[in-house]
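This is what each chain is made of:
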Protein chains: 2
Amino acid sequence: MQTDDNTRHAEKMARIKAARDRMMQEKQGEKGLVIVHTGKGKGKSSSGFGMILRCIAHGMPCAVVQFIKGAWDTGERRLLTTHFGELCQFHAMGEGFTWETQDRERDIAAARAGWEKAKELIRDPSIRMVLLDEINIALRYDYLDLDEVLAFLRDEKPPMTHVVLTGRNAKPELIALADLVTEMEQVKHPFRDGIKAQPGVEF
Amino acid sequence: MQTDDNTRHAEKMARIKAARDRMMQEKQGEKGLVIVHTGKGKGKSSSGFGMILRCIAHGMPCAVVQFIKGAWDTGERRLLTTHFGELCQFHAMGEGFTWETQDRERDIAAARAGWEKAKELIRDPSIRMVLLDEINIALRYDYLDLDEVLAFLRDEKPPMTHVVLTGRNAKPELIALADLVTEMEQVKHPFRDGIKAQPGVEF
């Protein structure tokens, strides 16, 4: 009985493996991807950061531009600048969350400086991945020109460079242009129960 | 006109900031969270990995147990073992994706060994976060006893320890018990266009 179960399981798994191997063999293309993480749930920035660290682990030069600098970036920033400064550039352009500065013109200037830096980094063919953290916020408030960003990604991004754009409320036109889009949906959040942001989890 | 816009913006942002400051002041609680990342989209493991690295950045001891070891874990594993072995333990217990081993009994034994290791790590009060990567797969195939896992998280987890459980198809009972749940929803994936898994993005 136990052996029968095992045999059936082995046969089923062998079929799945054969189908999967065939599928993977057909996927031979490589290209630099436009990747979007959006939605209200957690994990948009931290999985972007996870990809940057995968690049570092593979020795691939990469860069981060932070468009909205909050108090919660300390972990990422410290780790990247302390341990991996040679492989990964880190540029924090934002002044804080927009409701903390209360100065629209300064926010716009910071977002535009961030985008100029982003273009320079993306154009550099030695850099394999550029993370534009929270750029969707800057696009949503029209601090950056959406058409200019889309045109740059479409026409000027080197073909093998990955660009990761994070932040809630991604513009539909950006989603249409992207290769890989994930929506992080919030199912449950402990803030509702009076739990504050904690190190390791949120920053 | 420009100045009026700026004034209105500053007033609006000041109101948002005041509301946010009040909200944050009410959130004073701290507790170890049960965190679940599920869904079919990307980012479940990489954002778990991102949280582990935030812990490392804060000098908080932490640990990873990988329940399903695939070819795609090379980046994470290399980075953790090469750079941060003192702060973070890494245990790869799985033998591969289940369809690659085709041996149910061996898979079950590997999953149970992983769970024994997980309990030991979670019980250790010096460890602040334990990532149980892809444990949802082991629970889905009934390689682990769901009730035992739930009872342990509810009754034996030290109150300040965070436990992160990843993998698609999280059990509803686990979602009910968790404090923080995010569903990664796949909006677009380049596999559909014949693009293979690439370093930095998938592994």
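Residues numbered from 1 in each chain as written. Chains lettered and ligands numbered in written order. Predicted model: local features only at pLDDT ≥ 70, side-chain atom pairs only at ≥ 80, totals over all residues. Heavy atoms only, no water.

- The name recorded for chain A in an unreviewed UniProt entry is Corrinoid adenosyltransferase, from Paracoccus denitrificans.
- Its UniProt record gives chain A the following Subcellular location (unreviewed entry) comment, quoted word for word: "Cytoplasm".
- We quote the UniProt Pathway (unreviewed entry) comment for chain A here in full: "Cofactor biosynthesis; adenosylcobalamin biosynthesis; adenosylcobalamin from cob(II)yrinate a,c-diamide: step 2/7." (UniProt positions renumbered as here; feature names shortened; annotations may be inferred.)

Digging into the confidence of the model for chain A
Low pLDDT means the predicted atomic positions in that stretch should not be read closely.
Next up, step 1: For chain A, per-residue confidence averages 86 on the pLDDT scale, and 88% of positions sit at 70 or higher.
Next up, step 2: No element of chain A has a lower mean pLDDT than helix α4 (residues 98-101) of chain A, at 60, and none a higher one than helix α7 (residues 146-155) of chain A, at 98. (pLDDT = per-residue confidence, 0-100. Helix = DSSP H or I, 4+ residues; strand = E, 2+ residues; numbered from the N terminus.)

A word on the relation of the copies chain B and chain A
Next up, step 1: Each copy of the sequence occupies a distinct position, and chain B is placed on chain A by a rotation of 180° and an axial shift of 0.0 Å, giving an RMSD of 0.0 Å. Such a combination of turn and shift is consistent with a two-fold rotation axis. Distance from the rotation axis, computed per C-alpha, reaches its smallest value in chain B at Ser47(B): 2.0 Å.
Next up, step 2: Interface residue correspondence from chain B to chain A reaches 100%, placing this contact among same-surface, isologous pairings. (Least-squares fit on C-alpha atoms with pLDDT ≥ 70 in both. Contact = heavy atoms within 4.5 Å.)

A closer look at the environment of Lys117(A)
All names here are of chain A.
Next up, step 1: In this fold, lysine 117 is placed in helix α5 (residues 104-123).
Next up, step 2: Expressed as a C-alpha distance, the spacing of lysine 117 and valine 65, which sit 52 residues apart in the sequence, is 7.6 Å.
Next up, step 3: Setting aside chain neighbours within four positions, we find lysine 117 in contact with Val65, His91 and Met93.

Focus on α5(A)
Next up, step 1: Its 20 residues place the ends of α5(A) 29 Å apart at the C-alpha level, agreeing with the 28 Å of an ideal helix rising 1.5 Å per residue.
Next up, step 2: The set of residues buried in α5(A) consists of Asp107(A), Ile108(A), Ala110(A), Ala111(A), Gly114(A), Trp115(A), Lys117(A), Ala118(A), Lys119(A), Leu121(A) and Ile122(A). (Expected span 1.5 Å × (residues − 1). Buried < 20%, exposed > 50% of the residue type's maximum accessible area, 1.4 Å probe, protein only.)

A short note on the nonpolar core
Next up, step 1: Ranked by size, the top nonpolar core spans 46 residues in total, and within it Leu53(A), Leu80(A), Leu53(B) and Leu80(B) carry the most contacts.
Next up, step 2: Not counting residues up to four positions away in its chain, the partners in contact with Leu80(B) are Phe49(B), Ile52(B), Leu53(B), Ile56(B), Val64(B), Gly85(B), Cys88(B) and Phe90(B). (Core = buried A, V, L, I, M, F, W, Y, C linked by side-chain atoms within 4.5 Å.)

Structural notes on the interface of chain B and chain A
Next up, step 1: Contact residues are listed per partner, giving 81 residues for chain B and 82 residues for chain A.
Next up, step 2: Regarding the contact of chain B and chain A, the summed buried area is about 7400 Å², with carbon and sulfur atoms giving 60% of it.
Next up, step 3: The tally of links from chain B across to chain A stands at zero salt bridges.
Next up, step 4: Counting across the interface, chain B meets chain A through 18 residue pairs in polar contact (both at pLDDT 80 or more).
Next up, step 5: Of all the secondary structure elements, the ones that give two or more residues to the side of chain B that touches chain A are α1 (2-26), α2 (44-57), α3 (74-83), α4 (98-101), α5 (104-123), α8 (172-177) and β6 (180-188) of chain B.
Next up, step 6: Among the elements that make up the side of chain B that touches chain A, the one with the highest residue count is α1(B) (eleven residues). (Buried area = accessible area lost by both parts, 1.4 Å probe. Salt bridge = Lys/Arg side-chain N within 4 Å of Asp/Glu carboxyl O. Polar contact = N/O pair within 3.5 Å; in protein donor to acceptor, adjacent residues only side chain to side chain.)

Digging into the packing of helix α2 (residues 44-57) of chain A against helix α3 (residues 74-83) of chain A
Residues and elements named next belong to chain A.
Next up, step 1: Where α2 contacts α3, the axes come no closer than 12 Å and their chain directions differ by 10°. Compared by their axis directions, α2 and α3 come out roughly parallel. Of the residues in α3, those touching α2 at Phe49, Ile52, Leu53 and Ile56 are Glu76, Leu79 and Leu80.
Next up, step 2: When its residues are assigned to classes, the contact of α2 with α3 shows six nonpolar, no polar and one charged. (Axes fitted to C-alpha atoms, helices over the stretch in contact; angles between N-to-C directions. Parallel < 35°, antiparallel > 145°, perpendicular 65-115°, else oblique. Nonpolar A, V, L, I, M, F, W, Y, C, P; charged D, E, K, R; others polar.)

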